[in-house]
Amino acid sequence: MSIIADDNDFKREKTERNPVIKAEKIEFDKNFENCIRPKSFDTYIGQSALKETLKISIEAAKKRELPLDHLLFYGPPGLGKTTLAGVIAEQMGVEIKITSAPALERPRDIIGILMSLKGGEILFIDEIHRLNKVAEEILYPAMEDFILDMTTGKSQTVKTMRIPLPKFTLIGATTKAGELSGPLRDRFGIIHRLEFYTEEELSQVIKRTAGILNIDIDDKGAHAIARRSRGTPRIANRLVKRVSDFALVKHDGKITEDVANQSLDILKIDEFGLDTTDRTLLKLIIEKYDGGPVGIETIAAAIGEDVRTIEDVCEPFLLQAGLLQRTPRGRKVSPETYRHLGYKNIQITEQKGLFEKH
Ligand code: ADE
């Protein structure tokens, strides 16, 4: 049957260009982010309310001897969505296959992965809001009834086959829940938002990472880094590594408050955690567009960043910190932005030129 030819196609495809990263591979990966990833709820810091509800869902699924409901995690990047999916797999005692929507370009990419799943396994799809329509439609019956609807052949000889799949759990992650189609969102039984971390939680993340990497750090040093990590463990972990380089080369190796602050000043990470790109973006709105509103495309072109990076990486924290606002006419800054960037705030009005720099 023609289905066999298609199936071989998938097999060939999988060896040529496999969009799945196996969890065991990640386990032994020397990649920095992966080797410091917590593997259990006990070592996963923060998101405490979410952890508690997940533990209950996991226990219930185990008692029923059924896979966990499909889960959707949303929130800014770097808050631990992939890590949490790995922890869930560990707690359920199942394997996790990790991929991302941009890797599922052709129907056979998603079909190949679905057909490779075994009972109870977890499929993690990152950036799920970027899934194309065809892949989405393949996922609907797979998520709902564990069925793969496949069409084979061309025009007059087209055949439809319904292939049963083992029961699996899909974990989707997105930074843009609003861009997910309604039908896809509705197929997730559990939907959770990940929150920015507190300074205390980030400080614990930093000390845990320092411990794994054999970095000497005291409490105040950890807090100094946490304060400038934008509520994001991925940034905290990156900074602890950078600061440790400075501590080793310029000091005696130990990260103290002074060493952390000096290093972060040199790295041009300010006391809010803003980096050069953030400050350039905000200054542009203030100096060239009178504080805004100004369109995101205009901002992106002026500072030489792409729109997606601004929207996904820079903006979530700037919005939450109250340094940037989204309006129907574009982005604008707040009085706090002027103060934070050191503009002497003579009078903040819509008018041009009523502020000056210290
Ligand atoms: N590293 C990155 N995210 C973490 C978290 N939530 N807990 C502990 N270590 C982490």
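Moving on: the overall build of the protein chain. Scanning the protein chain from terminus to terminus reveals 16 helices and 12 strands. Buried positions account for 47% of the 358 residues belonging to the protein chain. Put simply, of all contacts in the protein chain between residues at least 6 apart along the chain, 69% involve residues at least 24 apart. Total accessible area on the protein chain is roughly 18,000 Å²; 50% of this is exposed by carbon and sulfur atoms.

This part is about helix α14 (residues 296-303). Turning to α14, its buried residues number three or more, namely I296, I299, A300 and I303. All buried residues of α14 project into a common sector of 100° when viewed along the axis, lining one side. Looking at α14, the residues exposed on the side facing more than 90 degrees away from the buried face are E297 and A301. Close packing links the buried residues of α14 with α13 (276-289), α15 (307-320) and β10 (330-333). In the segment just after α14, G304 is the residue with positive phi, at about 70°.

Neighbouring the ligand are the residues P38, T43, Y44, I45, Y197, V205, R208, P233 and N237. Within the contact set of the ligand, a nitrogen atom lies 2.8 Å away from a backbone nitrogen or oxygen of I45. Coverage of the ligand by the protein amounts to 94% of the 260 Å² it exposes when considered alone. Looking at the shell around the ligand, the elements with two or more residues in it are α9 (199-212) and α11 (233-250). Taken domain by domain, the shell around the ligand gets at least three of its residues from each of domain 1 (2-193) and domain 2 (205-266).

Right, let's get into the packing of α11 against helix α12 (residues 257-266). With their axes 9 Å apart at the nearest point, α11 and α12 run at an angle of 105° to one another. With respect to each other, α11 and α12 are oriented roughly perpendicular. Only V259, A260, S263, L264 and I266 of α12 make contact with α11, whose side of the interface consists of L239, V243, F246 and A247. Considering only residue class, the contact of α11 with α12 consists of 8 nonpolar, 1 polar and no charged.

This part covers unusual backbone geometry. Between G292 and P293 the backbone carries a cis peptide bond, its omega angle lying at 5°. At N214, a residue that is not glycine, the phi angle is positive and equals roughly 60°. The exposed category is assigned to N214, whose relative accessible area is 73%. Located in the positive-phi region is D290, a residue other than glycine, with phi close to 50°. Note on placement: D290 falls in the loop between α13 and α14. Take D290: its relative accessible area is 24%, and that puts it in the partly exposed class.

Moving on to the pairing of strand β6 (residues 159-164). Bridge analysis of strand β5 (residues 147-152) against β6 gives 6 bridges, and the strand direction is antiparallel. Opposite I147, over in β6, you have P164 as the bridge partner. The hairpin turn running from β5 into β6, its antiparallel successor, is 6 residues long, and G153 in that turn takes a positive phi close to 80°.

What counts, and where the lines are drawn
- Residues numbered from 1 in each chain as written.
- Predicted model: local features only at pLDDT ≥ 70, side-chain atom pairs only at ≥ 80, totals over all residues.
- Heavy atoms only, no water.
- Helix = DSSP H or I, 4+ residues; strand = E, 2+ residues; numbered from the N terminus.
- Buried < 20%, exposed > 50% of the residue type's maximum accessible area, 1.4 Å probe, protein only.
- Contact = heavy atoms within 4.5 Å.
- Areas by Shrake-Rupley, 256 points an atom, 1.4 Å probe, with all protein chains shown as cover.
- Arc of directions from axis to C-beta.
- Near = heavy atom within 4 Å.
- Polar contact = N/O pair within 3.5 Å; in protein donor to acceptor, adjacent residues only side chain to side chain.
- Domains from an automatic or database assignment.
- Axes fitted to C-alpha atoms, helices over the stretch in contact; angles between N-to-C directions.
- Parallel < 35°, antiparallel > 145°, perpendicular 65-115°, else oblique.
- Nonpolar A, V, L, I, M, F, W, Y, C, P; charged D, E, K, R; others polar.
- Pairing = 2+ DSSP bridges.

Just distances and angles here, no functional claims.
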